Amino acid sequence: MVRQIVPLLALVSIVLAIDTQSMFTVPQEEQALPRTVKPYLYLLDLHPRISEGYFNGSVDIHIQCFEPTRIIVLHASYELQLENINLTAISTDYDYDVPAITEVARNGSTDTLNITLEEELTEGRVYRLHLEFHGLLKNNDYMYTSPSARGFFRDMYTDRETRETRWFAWTSTFPGFARHLFPCFDEPSFRAEFTVGVSHLTNMTVLTGWPSLLNKSTGEQGYVMEYFSRTYCIAPYSVGVLVAELDATEAMNVTSSQGTVELAVHHVRDNYESKVTELVPKVLQFLQDYLQTRFPVDKLDIVAMPITYFEMERDFPGLIMLSYFKFGDRDEDLYKDLVRQWLRHMVTLETWSAFNINELLTTYLTRYALSKTSNKQPELTGESRLTMYDQFATNIEDPSYFGYIPPYTTERGKLSLYFGKRQVLWHCS
């Protein structure tokens, strides 16, 4: 895709100081997967049984072969039990033979799954890799003892009126933790479309960030299978699921020059939505106009969760989860979650190390938006300095090409990132 830069219309130089100690701990680069095959579509079904403390699932990964190979390498945490792994052809204009699987091996140190085939895959052909899996829903107290929250979690609270115990479950997949939820190519540059289905009790709500399409009977009393619309191309860490008994404010429309977004604020126990419904619309309007790119999805659900320990990242395309114990305490946290709707989930990162420069950019845009939409002047502290230069480029329609960040390097150098009509150049020293 050709990106032609038009004459400079605006030049802004902003120096931002950021604490480098707050950078993310991301998977090691030596875990990089081979590029011989790449996914382009996931059909993911999840079946959480929250009160029982486990989940089942299956995934069909549609892959394309880019180089002949006898080994398919992807990620699957040892926390997942795997079964019924098979490879089949995806119907095209003609039938073709699919090599048989001869060995399945797992590496616990890298969370990789190596599938060895009898013969090589053919370059250019597409295949369907099917895997079924089982795992445990981790209790929330796991977060106190684990260095990072990985996979599928559950927690409970007591309803103030009925005094009944209410269960809910949610996913934690960033960074590089989607492999604890389902087998996948768990690297940021392996982007694909997803179709997600979740089975749940009929009195519970499922949010994935994407519009609900249909409900089907599971054959299990009290449960229904709910399917959601296909995503744009995202990395596996952008797959988020929340299952809970939710209340919601009446949905409101947020309109900017780039289009309209439907906003709903949910809570599971107390009503904390008033500040959010005042704050979020003006931030969304500002970001859409500034980036000249509409909100990535048609709706945004913001949920206040009754969790005391909720410091890890809980933002997904169209879905933001916050602890209601901190709900509204720090505007900057919510601003950053909104900025990440573009910079984390639409931007393509070549490697995990690129997240460091991505987070610098996210913090810059968060504080810039805060200064433009409120009377607060964000405090800038730390050592690393980020200088931003804005200029305009031609519009990029495909969300898959919204932005790109190459691997991070400690050497000084200019990088560029495209959002819609805007190109941002920056250097880090």
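Quick caveat: nothing in here was measured; it's all calculated off a predicted structure.

**Let's talk about the overall build of the protein chain**
Of the regular secondary structure elements, the protein chain holds four helices and 27 strands. Here the protein chain, with 429 residues, has 56% of them falling under the buried criterion. In the protein chain, of all internal contacts separated by at least 6 residues, the share reaching a separation of at least 24 is 72%.

**Quick notes on the packing of aromatic side chains**
Tallied over the entire structure, the rule returns 14 aromatic pairs. When the centroid spacing of 6.5 Å and the interplanar angle of 65° are considered together, the rings of F55 and F133 count as edge-to-face. One end of the pair, F55, is in strand 3 (residues 54-65); the other, F133, is in strand 8 (residues 126-136), with 78 residues separating them in the sequence. Overall, the relative accessible area of 1% leaves F55 in the buried class. Between the aromatic rings of F182 and F194, the centroid separation amounts to 6.1 Å while the plane-to-plane angle is 80°, which identifies the pairing as edge-to-face. Of this pair, F182 sits in the loop between strand 11 (165-172) and strand 12 (193-201) while F194 sits in strand 12, and the two are twelve residues apart along the sequence. Classification of F182 as buried rests on a relative accessible area of 0%.

**Notes on the environment of L207**
Tracing the backbone shows L207 in strand 13 (residues 205-207). Judged by relative accessible area, which is 8%, L207 ranks as buried. Sequence separation between L207 and L242 is 35 residues, and the spatial gap between their C-alpha atoms is 5.2 Å. Ignoring any residue separated from it by four or fewer positions in sequence, one finds L207 in contact with G240, V241, L242, L246, H266, D301, V303 and L319.

**Quick notes on helix 4 (residues 354-373)**
Its 20 residues give helix 4 an end-to-end C-alpha distance of 28 Å, which sits within 8% of 28 Å, the value for a rise of 1.5 Å per residue. Most of helix 4 is tucked away, with 18 of its 20 residues classed as buried.

**Some points on the pattern of salt bridges**
A full pass over the atoms with the stated rule returns 16 salt bridges. A salt bridge links R344 to D315; the nearest nitrogen and oxygen atoms lie 3.2 Å apart. Residue R344 is located in the loop between helix 3 (331-343) and strand 23 (347-349), and its partner D315 is located in strand 21 (residues 315-316); the two are separated by 29 residues in the primary sequence. A salt bridge links D337 to R340, with the nearest nitrogen and oxygen atoms 3.7 Å apart. Within this pair, D337 and its partner R340 are both found in helix 3, separated by three residues, close to a single helical turn. According to the relative accessible area criterion, R340 is buried, its value standing at 5%. Among the ionic contacts, a cluster of salt bridges with common partners joins D315, K336, D337, R340, R344 and E359.

**A closer look at the nonpolar core**
Within the largest apolar cluster, 90 residues are counted, with the highest numbers of intra-cluster contacts made by I72, F182, F185 and L300. Top contributing element to this core by residue count: helix 2 (residues 273-291), with nine residues. Residues contacting I72, with those up to four places away along its chain left out, are V37, I63, L87, L113, N114, I115, L117, L121, L129 and F185. In this structure, F153, W170, M305 and L319 belong to the second largest nonpolar core, which totals 13 residues.

**Some points on the sheet that holds strand 8**
Read from one edge of the open sheet, seven strands run 5-8-3-2-12-15-14, paired in mixed fashion. A single partner strand is all that each edge strand has here, and the edge strands are strand 5 (81-89) and strand 14 (212-217). Going across the sheet, the axis of each strand differs from the next one's by a mean of 15°, ignoring polarity. Relative to strand 8, strand 5 runs antiparallel, the two being bridged by seven bridges. By the bridge assignment, E83 is partnered in strand 8 with E132.

**Some thoughts on empty space enclosed by the protein**
Per the counting criterion, the structure on display carries one cavity of 30 Å³ or more. Here the largest cavity defines a volume of roughly 40 Å³. Every residue lining the largest cavity is listed: F194, V196, T208, W210, T231, I234, S238, V239, G240 and V241. Taken together, the residues of the lining of the largest cavity sort by class into six nonpolar, four polar and no charged.

**Quick notes on unusual backbone geometry**
In the segment running from F174 into P175, the intervening peptide bond is cis, with an omega of -10°. Mapped onto the elements of the fold, P175 is located in the loop between strand 11 and strand 12. One non-glycine residue with positive phi stands out, namely D111, at about 60°. Take D111: it is sitting in the loop between strand 6 (101-107) and strand 7 (112-117).

**Section: the sheet that holds strand 16 (residues 242-244)**
Sheets are built from strands that pair by backbone hydrogen bonding, the pairs being arranged parallel or antiparallel. Spatially, 9-10-11-16-13 is the arrangement adopted by the five strands of the open sheet, whose pairing is mixed. Looking at strand neighbours, the two that pair on one side only are strand 9 (138-139) and strand 13, the edges of this open sheet.

**Quick word on the pairing of strand 15 (residues 223-228)**
Counting buried positions over the six residues of strand 15 gives five, a clear majority of the element. Where strand 12 lies against strand 15, five bridges are found, and the strand directions are antiparallel. Note that in strand 15 the partner of G197 across the bridge is Y227. Summarising the sheet, strand 14 and strand 15 pair through five bridges and their orientation is antiparallel. Residue K216 lies in a different strand from strand 15, and its bridge partner there is M225.

Cut-offs used in this document
- Residues numbered from 1 in each chain as written.
- Predicted model: local features only at pLDDT ≥ 70, side-chain atom pairs only at ≥ 80, totals over all residues.
- Heavy atoms only, no water.
- Helix = DSSP H or I, 4+ residues; strand = E, 2+ residues; numbered from the N terminus.
- Buried < 20%, exposed > 50% of the residue type's maximum accessible area, 1.4 Å probe, protein only.
- Contact = heavy atoms within 4.5 Å.
- Phe/Tyr/Trp six-rings, centres within 6.5 Å; stacked < 30°, edge-to-face > 60°.
- Expected span 1.5 Å × (residues − 1).
- Salt bridge = Lys/Arg side-chain N within 4 Å of Asp/Glu carboxyl O.
- Core = buried A, V, L, I, M, F, W, Y, C linked by side-chain atoms within 4.5 Å.
- Pairing = 2+ DSSP bridges.
- Axes fitted to C-alpha atoms, helices over the stretch in contact; angles between N-to-C directions.
- 1 Å grid on protein atoms, 1.4 Å probe; cavity = no way out; pocket = protein on both sides within 12 Å on 5 of 7 lines; lining within 4 Å.
- Points joined across faces, edges and corners; volume = space filled by probe spheres on them.
- Nonpolar A, V, L, I, M, F, W, Y, C, P; charged D, E, K, R; others polar.

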